[in-house]
Amino acid sequence: MKQSVLTRYRVMAYVTAVWLLVFTGAIVLKYAFEIGDTMLISQIHGVLFIIYVIFAFDLGTKAKWPFGKLLWVLAAGCIPVASFFVEPKVTREAKLLVKEQGPVTSPSKA
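Predicted model, so just to flag it, every value in this text is computed and none were measured. (Residues numbered from 1 in each chain as written. Predicted model: local features only at pLDDT ≥ 70, side-chain atom pairs only at ≥ 80, totals over all residues. Heavy atoms only, no water.)

(A) Structural view of unusual backbone geometry. Unlike most non-glycine residues, Glu34 shows phi in positive territory, near 55°. Residue position: Glu34 is located in the loop between helix H1 (3–33) and helix H2 (39–63). Non-glycine residue Val81 carries a positive phi angle of around 70°. Within the element layout of this structure, Val81 appears in the loop between helix H3 (67–76) and helix H4 (82–101). (Helix = DSSP H or I, 4+ residues; strand = E, 2+ residues; numbered from the N terminus.)

(B) Just the packing of H1 against H2, in detail. For the pair H1 and H2, interaxial distance at closest approach is 8 Å and the crossing angle is 150°. Regarding the angle of H1 to H2, the classification is roughly antiparallel. Relative to H2, the crossing made by H1 is left-handed. For the contact of H1 with H2, the per-class residue count stands at 20 nonpolar, three polar and three charged. (Axes fitted to C-alpha atoms, helices over the stretch in contact; angles between N-to-C directions. Parallel < 35°, antiparallel > 145°, perpendicular 65-115°, else oblique. Left-handed = near helix turned anticlockwise from the far one by under 90°. Nonpolar A, V, L, I, M, F, W, Y, C, P; charged D, E, K, R; others polar.)

Purely geometric stuff here, so don't read any function into it on its own.
What follows is the structure in structure tokens.
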């Protein structure tokens, strides 16, 4: 597994988590205080979440996770603040896989 797969996942985990918090705050403002609109924020979060799902699935496939673990990582993107706890754990585990594989070298010409 390449480091770039893990990096893409990590970036999208944090970006999606932040937008989910923004979206949650906007929903609270809209329905509790009748302030603002959530349309734009929800659309941005929706697009970011789709990208997150693609990158998490890619990481899970390359890391050979069981289906249950993949579902847990995907669910973390739906629960406000869960990604901030799940992402470091996933990163620690995935970094071991990146180190095990080692750097990819091209065959040298003789």
